[in-house]
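# Observations on the model geometry
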Amino acid sequence: MSEKAIVRAEALRKSFHGPSRGIGRGRAELRAVDGVNLEVMQGETLGLVGESGCGKSTLGRLLLRLQDPTGGRIHFEGQDITHLSQSELRPFRSKMQIIFQDPYSSLNPRMTVRAALSEALRVHRKTSSASEEEERIAALLERVGLRPEHMRRYPHEFSGGQRQRIGIARALAVSPTFIVADEPVSALDVSIQAQIVNLLRDLQEELGLSYLFIAHDLHVVEHVSRRVAVMYLGRVVELAESEQIYARPRHPYTQALLSAAPEPDPTARPHRVLLKGDVPSPLDPPTGCAFHPRCPIAKKGLCDREVPGLRAIEAGHEVACHLVE
C-alpha cells in the first residue's frame, strides 16, 4: 500500500438549512459535517463509524462531490476538485464510485442488469461496440461471483446479496480507483455479509482499490479496515490504526461505542461505558465540545467552551479531546 493520499479533506463542512426559528430569527442551520480533516491513502481501507445521523454518509458523498461542500477543500489524486463544475468533474467521475447501502432501492426495477451496467459504460465511453459492451458486462458479473446470463434478468429476480454484487459490478464498470462503500452490508443477512466483505477485499487486492468503508457494525470495520475514524455530530473525534482503536480507544465516545458492541462470547463480562442523556440535536449543538453533555470526564469551563481539534497523542493516533493524554 502506498503512503500517498488518494483523497484528502481539509476543514470540510456541509450545512443544511432547517426549519425557521421564528419571526425575524432566520432558519436553523444543521451542520452535518463540521470541519473534518481526513485522508484516504492509496490502496487502504479507511473505516468510518459513528451513530446514525452523525454525518458519515454526507462525508462520503462530499468526497465524491455528489454534494457540494459549504466550506473546506477536497483533493483527489493531488488535484483540488472542490469547486469544479459538473463538466470539469467528468474526467474524475470514472475514478470515484459509490456502493449504496440498500441493494433493493439502488437498482432501477425496470432496467435489466445489462441496461444498468451498460449505462455507466456508455456515459464514460468505455466500450466502442455492442459486442464489446456485452463482453465487458459478462466479465464484470463473473468478477463479482455472478453468471453472464444474469445480465438479462431484472433486480426482483435476485436475492439481496446478489443485488449487492450487481451494485459492486456497476461501481467497477468504469474502472475506479476510489470507492465509498456506504454501509454495503448492513441490509444483508449475517451469512451473506461475510461473502460481500470478502469479495470487496479480494477486489481491492486484485485491482488496487482504495475504500472509505462506512458501517455501523464495529466487528465488520475491524475486519476490513487498516485505519478507523470515529465521528460524532459531524466531527471526527478519533483516528488511528485499527489495532490501536480496538485495543486501546482513547476518546470517551469511542470507548462507549466499542463497549456497546455485542460480545459473541457468552461468558465474557465486558465493561460497559454508559453515557448519560441523548445525542444532542444537530440543529442546536452544544457549545464547545459537542460530546461534553454526555462525557464522563468533561470539565466545566473548558469542555463546554472550547472546541477541541484532532491532535496526535501517539504515532498515528489522533484524538479530539481536551483531557485525553
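As a reminder, the structure under discussion sits directly above these lines.
Now for a quick tour of the structure. (Residues numbered from 1 in each chain as written. Predicted model: local features only at pLDDT ≥ 70, side-chain atom pairs only at ≥ 80, totals over all residues. Heavy atoms only, no water.)

### Some details on the sheet that holds strand S7 (residues 178-182)
- Strand order across the open sheet formed by eight strands is S6-S7-S8-S3-S9-S10-S12-S11, with mixed pairing between neighbours. On the outer flanks of this sheet lie strand S6 (96-99) and strand S11 (311-314), each paired with one strand and no other. Along the sheet, successive strands turn relative to each other by an average axial angle of 25 degrees, direction set aside.
- Sheet topology note: the S6/S7 ladder contains four bridges and is parallel. Among the inter-strand pairings, Ile99 is bridged to a residue of S7, identified as Ala181.
- Lying over the sheet, helix H1 (residues 56-63) contacts strand S3 (45-49), S6, S7, strand S8 (210-214) and strand S9 (227-232), oriented at roughly 155 degrees with respect to S8.
- Each of S6 and S7 touches helix H5 (residues 160-172); the most contacted strand, S6, lies at about 175 degrees to it. (Pairing = 2+ DSSP bridges. Helix = DSSP H or I, 4+ residues; strand = E, 2+ residues; numbered from the N terminus. Axes fitted to C-alpha atoms, helices over the stretch in contact; angles between N-to-C directions. Contact = heavy atoms within 4.5 Å.)

### Considerations on the pattern of salt bridges
- Under the counting rule described, the total for this entry stands at 20 salt bridges.
- One salt bridge connects Arg226 with Glu44, and the closest N-O pair in it is separated by 3.2 Å. Of this pair, Arg226 sits in the loop between helix H7 (218-224) and S9 while Glu44 sits in the loop between strand S2 (27-41) and S3, placing them 182 residues apart in sequence.
- The buried category is assigned to Glu44, whose relative accessible area is 1%.
- Linking Asp80 and Arg73 is a salt bridge whose minimum nitrogen-to-oxygen distance equals 2.4 Å.
- Among the residues examined, Asp80 registers a relative accessible area of 29% and is labelled partly exposed.
- According to the relative accessible area criterion, Arg73 is partly exposed, its value standing at 36%.
- Among the ionic contacts, a cluster of salt bridges with common partners joins Arg114, Arg122, Glu133, Glu134 and Arg152. (Salt bridge = Lys/Arg side-chain N within 4 Å of Asp/Glu carboxyl O. Buried < 20%, exposed > 50% of the residue type's maximum accessible area, 1.4 Å probe, protein only.)

### Side note on the nonpolar core
- Counting residues in hydrophobic clusters, the biggest one holds 53 residues, and the most contacted among them are Leu117, Ile168, Leu172 and Phe213.
- In this structure, Ile168 is in contact with Ile99, Val144, Ile196, Leu199, Leu200 and Leu203, ignoring residues within four places of it in sequence.
- By size, the runner-up hydrophobic cluster in this structure holds 30 residues, among which are Val33, Leu46, Leu64 and Leu89. (Core = buried A, V, L, I, M, F, W, Y, C linked by side-chain atoms within 4.5 Å.)

### Notes on the packing of aromatic side chains
- As enumerated under the stated definition, the model contains five aromatic pairs in all.
- Each ring, one from Phe76 and one from Phe178, has its centre 6.5 Å from the other, and the planes form 50 degrees; the classification is tilted. Linking Phe76 in strand S4 (residues 71-76) with Phe178 in strand S7, this pair joins segments that are 102 residues apart in sequence. Phe178 carries the same exposure label as Phe76, and that label is buried.
- When the ring of Tyr232 is compared with that of Tyr253, the centres are 4.7 Å apart and the planes differ by 55 degrees; the resulting orientation is tilted. (Phe/Tyr/Trp six-rings, centres within 6.5 Å; stacked < 30°, edge-to-face > 60°.)

### Notes on the pairing of S7
- In terms of burial, S7 is largely enclosed, as five of its five residues are buried.
- The β-α-β motif built from S7, the intervening helix H6 (residues 190-207) and the parallel element S8 has right-handed crossover chirality. (Right-handed = clockwise from strand over helix to strand, strands pointing away.)

### Structural notes on the side chain of Glu238
- Relative to the elements of secondary structure, Glu238 occurs in strand S10 (residues 235-241).
- Engagement of the side chain of Glu238 in a polar contact is seen with the side chain of His317, the distance being 2.6 Å.
- Contacts of Glu238, omitting those with residues within four sequence positions, involve Val228, Ala229, Val230, Ile245, Pro249, Arg250, His251, Thr254, Leu310, His317, Glu318 and Val319. (Polar contact = N/O pair within 3.5 Å; in protein donor to acceptor, adjacent residues only side chain to side chain.)

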